[in-house]
Amino acid sequence: MECRSTEKRQWIVQNYNVEPMAHIQLLAGQTKHSDAGATIEKDYYIFEAVHKINGAKEVIQCRMGAARDFLKLLNHEGLPLFNPLHGEGEMGGNGGEPRGGGNGGRRVQEIWNPTARQLYNAIMWLIIAWDAKPGTPLFEFRSDIVQYKRVEPFDWKVKRVNSAIQSGGRG
């Protein structure tokens, strides 16, 4: 969905329910097209926009300038960065959730079940590798894991991710 100007982003937020879905670090040499018109070469956001009247779903993929504008319009602190090559800290490791209060925008380490963390990381790797979009099974799996991040995932949740890997992203 084209979102090149601040005015266009304001119009989108007025007419759509916009939700940030992921904040992802690209791998070296990877590029993506930003819906704000530029080429993404570093980190980017994926937003899902659902039209307030007809329910039509759109995907917005943009660099940090446009993403910060959306986040400000949504009064949202932002999502932790998933950096697939980072160890601990940013969502590539133990991850974090926004903390309220005046701590300079830092994120506090959130407690994750170790298996849930591994499953989350695997899903995020697949989202990056397969260029998955919101509304696809991988994003549904991701949302489920984030919602229940403190508990051991049921076996069937692990199996559905393994099945997705086995199918190679088809279906």
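Placed above this text is the structure.
Residues numbered from 1 in each chain as written. Predicted model: local features only at pLDDT ≥ 70, side-chain atom pairs only at ≥ 80, totals over all residues. Heavy atoms only, no water.

Visitor: Could you clarify how one ought to interpret the sheet that holds strand E4 (residues 43–51) in this entry?
Guide: Note on sheets: strands pair through backbone hydrogen bonds, and any given pair is parallel or antiparallel. Taken together, three strands build an open sheet; the order of strands is E1-E4-E5 and the sheet is antiparallel. Unpaired on one side and paired on the other, strand E1 (16–25) and strand E5 (57–62) mark the two borders of the sheet. Adjacent strand axes in the sheet meet at a mean angle of 20°, parallel and antiparallel pairs treated alike. Sheet contacts for helix H2 (residues 64–74): E1, E4 and E5; angle to E4, the most-contacted strand, approximately 45°. (Pairing = 2+ DSSP bridges. Helix = DSSP H or I, 4+ residues; strand = E, 2+ residues; numbered from the N terminus. Axes fitted to C-alpha atoms, helices over the stretch in contact; angles between N-to-C directions. Contact = heavy atoms within 4.5 Å.)

Visitor: Honestly, the nonpolar core in this entry has me stumped. Any pointers?
Guide: Here is a general trend for soluble globular proteins: nonpolar side chains tend to be buried in one another's company. Formed by 24 residues in total, the largest nonpolar core has its most connected members in Ile24, Ile123, Met124, Ile127, Leu138, Phe139 and Ile145. With eight residues, helix H3 (residues 114–130) is the largest single contributor of residues to this core. Not counting the four nearest positions on each side in its chain, Ile123 is found in contact with Leu138, Phe141, Arg142, Ile145 and Val161. Listed in part, the 18 residues of the second largest apolar core include Ile12, Val13, Tyr16 and Val18. (Core = buried A, V, L, I, M, F, W, Y, C linked by side-chain atoms within 4.5 Å. Buried < 20%, exposed > 50% of the residue type's maximum accessible area, 1.4 Å probe, protein only.)

Visitor: What is the right way to read helix H5 (residues 155–167) from this model?
Guide: An α-helical segment advances 3.6 residues per turn. Residues three or four places apart therefore align on the same side. With 13 residues, H5 should cover 18 Å at 1.5 Å per step; its first-to-last C-alpha distance of 18 Å lies within 8% of that length. Summarising the contacts, the buried residues of H5 are in contact with H3 and helix H4 (137–147). Remark: Gly168 follows H5 within two positions and exhibits a positive phi of approximately 70°. (Expected span 1.5 Å × (residues − 1).)

Visitor: Teacher, can you tell me more about helix H1 (residues 6–15) here?
Guide: The complete set of buried residues in H1 reads Arg9, Ile12 and Val13. Projection of H1 onto a plane perpendicular to its axis shows the buried side chains occupying an angular sector of 95°, all on one side. Those residues of H1 that are exposed and aimed more than 90 degrees away from the buried face are Glu7 and Gln14. At its buried positions, H1 is contacted by E1, E5 and H2. (Arc of directions from axis to C-beta.)

Visitor: Just checking my understanding: could you explain the pattern of salt bridges for this structure?
Guide: Pairs can form between side chains of opposite charge whenever their charged atoms are close. A full pass over the atoms with the stated rule returns five salt bridges. Between Lys32 and Asp131 there is a salt bridge, with the nearest N and O atoms lying 2.7 Å from each other. One end of the pair, Lys32, is in strand E2 (residues 32–33); the other, Asp131, is in the loop between H3 and H4, and 99 residues separate them in sequence. We classify Lys32 as buried; its relative accessible area is 12%. (Salt bridge = Lys/Arg side-chain N within 4 Å of Asp/Glu carboxyl O.)

Visitor: Any chance you could explain the packing of H3 against H5 here in plain terms?
Guide: In a pair of packed helices, the angle between the axes and the distance between the axes together describe the arrangement. Between H3 and H5, the least distance of the axes is 11 Å, while the angle of their chain directions is 25°. Between H3 and H5, the angle falls in the class roughly parallel. Relative to H5, the crossing made by H3 is left-handed. Between H3 and H5, the residues in contact are Leu119, Ile123, Leu126 and Trp130 and Lys157, Val158, Val161, Ala164 and Ile165, respectively. Residue composition of the contact of H3 with H5, by class: eight nonpolar, no polar and one charged. (Parallel < 35°, antiparallel > 145°, perpendicular 65-115°, else oblique. Left-handed = near helix turned anticlockwise from the far one by under 90°. Nonpolar A, V, L, I, M, F, W, Y, C, P; charged D, E, K, R; others polar.)

Visitor: Explain the packing of aromatic side chains here, please?
Guide: The way to describe two aromatic rings as a pair is by their centre distance and the angle between their planes. Counted by the stated rule, this structure contains five aromatic pairs. Centre to centre, the rings of Tyr45 and Phe47 are 5.4 Å apart; their planes meet at 20°, and the pair counts as stacked. Phe47 sits in the buried class, given a relative accessible area of 0%. Pairwise contacts between aromatic rings join Tyr45, Phe47 and Phe70 into one cluster. Residue placement shows Arg117 over the ring face of Trp112; its charged tip is 3.9 Å from the ring centre. (Phe/Tyr/Trp six-rings, centres within 6.5 Å; stacked < 30°, edge-to-face > 60°. Lys NZ or Arg CZ within 6 Å of the ring centre and 35° of its normal.)

Visitor: Help me understand the environment of Asn15 in this model?
Guide: Along the chain, Asn15 turns up in helix H1. Using a relative accessible area of 24% as the deciding quantity, one classes Asn15 as partly exposed. On a C-alpha basis, the gap between Asn15 and Val50 in space is 8.5 Å, while along the polypeptide they are 35 residues apart. Not counting residues within four places of it along the chain, the set of residues in contact with Asn15 comprises Val50, His51 and Lys52. Looking at Asn15, its side chain comes within polar contact range of the main-chain oxygen of Trp11, at 2.8 Å. (Polar contact = N/O pair within 3.5 Å; in protein donor to acceptor, adjacent residues only side chain to side chain.)

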